[in-house]
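# Structural overview for review
Here is how the chains run, residue by residue.
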Amino acid sequence: MNRLCIHTITTKPWTTEQCIERYSKAGVGGITFWRYNLDGRSPSTVGQQARDAGLQIVSLCRGGFFPGKTAAERQTSIDDNKLCIDQAQALGAPLIVLVCGAVPGQPLSESRKQITEGIAAVQAHAEAAGVRLAIEPLHPMYADDRSAVNTMRQAHEICDALGSPASVGIAADVYHIWWDPELKAMIDLAGEKGRLHAYHICDWKTPTTDLLNDRGLMGEGCINIPEITQWVDGTGFAGLREVEIFSHKYWAMDQDEWLASIINAYKRL
Ligand code: ZN
């Protein structure tokens, strides 16, 4: 349970305070906050509440969305990412997950170039704040408008283009990358390069009825999570396993029962 972290969006009906209280009571080791958790609150107060409850703050979700059609749009995004870094620092979150962005109709290669430039523009700010950045490759079904980074290899290429700074790495989310024939090699490479910054788990349901909000609980889908977890840990990764499930079905449940199901599924892994 020490290595179990839950993303607050997994229990979206709960307030920030309820997430902290219920996760802590259930013996969950860590918490990843989403930015909406900070609305109307002081990030440093939220961070203190979580630490007082015995929770390790794993990351803040999410920054990114760097591509834009105009320079002004891209600058707005850079400014927002700097704000996100400031929030993470105040919260005491050592890492920000980047959903990198894409613009429908714009070539993916151009979006990846803008993503690289966007990360380069905020990297010094992140380093000064002591906050690391993790590029999260997203499943190709999101390549139109959510991320032009769709494989671990593409994430590595961006890290390489940035000169492999220690502050920029990769968030490996099984939902997005389980199908990749290069997955083990790319996880191994991330370990060698010191780039494996985060590990997210959930499952892929058949059929998936909603492209965004029908993720499965670990064990109910087709992802071989134990095998991928073994590969991840085989690199020396000792971080938390972060449960991140967007699901209209599970958000409609009693959230205490849902949390108990998550913990049971995690223990069975
Ligand atoms: Zn994720």
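A brief look at the structure comes next. (Residues numbered from 1 in each chain as written. Predicted model: local features only at pLDDT ≥ 70, side-chain atom pairs only at ≥ 80, totals over all residues. Heavy atoms only, no water.)

By the secondary structure assignment, Cys222 is in the loop between strand E7 (196-201) and helix H8 (225-234). On the basis of relative accessible area, Cys222 is assigned to the partly exposed category, the value being 39%. As a C-alpha pair, Cys222 and Ile170 span 52 residues in sequence and 23 Å in three-dimensional space. In contact with Cys222, not counting residues within four places along its chain, are Trp178, Asp203, Trp204 and Thr206. (Helix = DSSP H or I, 4+ residues; strand = E, 2+ residues; numbered from the N terminus. Buried < 20%, exposed > 50% of the residue type's maximum accessible area, 1.4 Å probe, protein only. Contact = heavy atoms within 4.5 Å.)

Moving on, we get to the nonpolar core. Judged by nonpolar contacts, the single largest core of 75 residues is most densely connected at Ile119, Ile135 and Met218. When residues in this core are grouped by element, the largest group, six residues, is from helix H10 (residues 255-268). When neighbours within four sequence positions are excluded, Met218 is seen to be in contact with Ile201, Cys202, Asp203, Ile225, Val243, Ile245, Ile262, Ala265, Tyr266 and Leu269. (Core = buried A, V, L, I, M, F, W, Y, C linked by side-chain atoms within 4.5 Å.)

Applying the stated criterion across every chain, the model contains six aromatic pairs. Arranged with centres 5.6 Å apart and planes meeting at 90 degrees, the rings of Trp34 and Phe246 form a pair that is edge-to-face. Of this pair, Trp34 sits in strand E2 (residues 30-34) while Phe246 sits in the loop between strand E8 (241-243) and helix H9 (248-251), and the two are 212 residues apart along the sequence. In textbook terms, an aromatic cluster arises when at least three aromatic residues are bridged by ring pairs, as seen for Tyr175, Trp178 and Trp204. The lysine or arginine in question, Arg146, covers the ring of Tyr142, its NZ or CZ lying 5.9 Å from the ring centre. (Phe/Tyr/Trp six-rings, centres within 6.5 Å; stacked < 30°, edge-to-face > 60°. Lys NZ or Arg CZ within 6 Å of the ring centre and 35° of its normal.)

Function-wise, these values are silent; they only describe arrangement.
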